[in-house]
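Analysis of the macromolecular model
Okay, here's what each chain looks like letter by letter:
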Amino acid sequence: PIAPEAPAIGLHYLWKLPDLSEATLKESAPFGIVSVGVTGARYGKIDLGESVLVIGLGPVGLYAAQCAKLAGGFPVLGLDPVAARRELALKLGVDAAYATPEELAKGHPLMAGNAPQLVIEATGKPDVVNLAFKLCGQNGRVVLLGSTRGTTPNVDFYTDVHRKGLTVIGAQVLTRPIRDNSDGRWNAWDEASLTLRLIAGGRLDTRPLIEHEFPATRVADAYHLIEESPETLGVLLNWQK
């Protein structure tokens with residue numbers, strides 16, 4: 001494997017897995033996307049007891065929510081219009097999941113204040129960025145984790161960002177340092193290694209998100225399923241079959 005101390009750093013890495021059972025090996029397969037959730041929680045610099053809202057409960061959002069809880073977020077809340085995703089979020093430990101911003105606005109009895117101190121945007125939809133700004137509490141932080149594509153129109157920076165004292169954090173995983181870890185930012189090698197250990201140790205649960213499994217020879221069928229069922233969360237390709 002290419003370690004950070006190697007004289008040249010490649011674009012791809014190999015990680016040695018912990019001693020795993022076959023079942024845990026499958027659970028570790030999505031570690032790349034799981035590490036995106038780790039990055040979102042780490043860049044947010046969550047303090048113990050800070051309320052966290054994750055907008056978008058797809059794979060990135062669900063993993064980010066689990067990581068936010070591990071980091072001390074309390075309560076950890078989710079926002080997604082899809083009922084099945086909200087139900088899954090609750091099973092994975094999210095304290096409450098809401099279908100609309102109006103439901104969220106009623107507040108959570110365990111939340112200090114009326115708005116979350118950290119908002120993680122995990123949809124990647126440009127128009128949701130404005131929503132993240134509006135829902136975040138005073139002097140809070142907004143982590144843009146969903147790799148938003150396109151332009152967000154009509155941003156009222158004075159009202160929604162400047163006047164509220166928000167900090168906006170770009171959490172693209174490609175911004176992780178190559179070698180040395182820094183405060184709130186680990187290099188890709190160490191972050192992926194941590195992710196694998198969290199999965200192996202049962203701290204992060206990937207099982208509910210692996211909904212379908214195909215032998216690698218049927219990769220076309222796997223992609224057809226994703227194309228025809230956009231709400232599919234996880235498809236595993238088994239290279240042993």
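Everything below is about the structure printed above this text.
Side note on the overall build of the protein chain
In terms of helices and strands, the protein chain carries nine helices and eight strands. Here the C-alpha radius of gyration of the protein chain, 18 Å, is about what a compact globule of 241 residues would show, namely 18 Å. The burial tally for the protein chain puts 46% of its 241 residues in the buried class. Pairs at least 24 residues apart make up 65% of the contacts formed inside the protein chain by residues separated by at least 6 positions. Summed over all atoms, the accessible surface of the protein chain reaches about 12,800 Å², with 55% contributed by carbon and sulfur. Computed over 23 positive and 26 negative side-chain charges, the separation of the two mean positions in the protein chain equals 3 Å.

Observations regarding the sheet that holds strand β3 (residues 96-98)
Pairing in this open sheet of six strands is parallel, and the strands run β3-β2-β1-β4-β5-β6 from one edge to the other. Both edges of this open sheet fall to β3 and β6 (167-170), since each of them pairs with a single strand only. On average, adjacent strands in this sheet sit at an angle of 20° to one another, irrespective of strand direction. Here strand β2 (residues 76-79) runs beside β3; their pairing, made up of three bridges, is parallel. The residue bridging G78 from the neighbouring strand is A97, located in β3. Against the sheet, helix α6 (residues 126-135) engages β1 (52-55), β2, β4 (118-121), β5 (141-144) and β6, with an angle of about 165° to β1.

Some points on the environment of E228
Along the chain, the position of E228 falls in helix α9 (residues 219-228). In this structure the C-alpha to C-alpha distance between E228 and L14, which are 214 residues apart in sequence, comes to 32 Å.

Parameters and conventions
Residues numbered from 1 in each chain as written. Predicted model: local features only at pLDDT ≥ 70, side-chain atom pairs only at ≥ 80, totals over all residues. Heavy atoms only, no water. Helix = DSSP H or I, 4+ residues; strand = E, 2+ residues; numbered from the N terminus. Rg over C-alpha atoms; globule rule 2.2 N^0.38 Å. Buried < 20%, exposed > 50% of the residue type's maximum accessible area, 1.4 Å probe, protein only. Contact = heavy atoms within 4.5 Å. Areas by Shrake-Rupley, 256 points an atom, 1.4 Å probe, with all protein chains shown as cover. Lys, Arg positive; Asp, Glu negative; His and termini not counted. Charge placed at Lys NZ, Arg CZ, Asp CG, Glu CD. Pairing = 2+ DSSP bridges. Axes fitted to C-alpha atoms, helices over the stretch in contact; angles between N-to-C directions.

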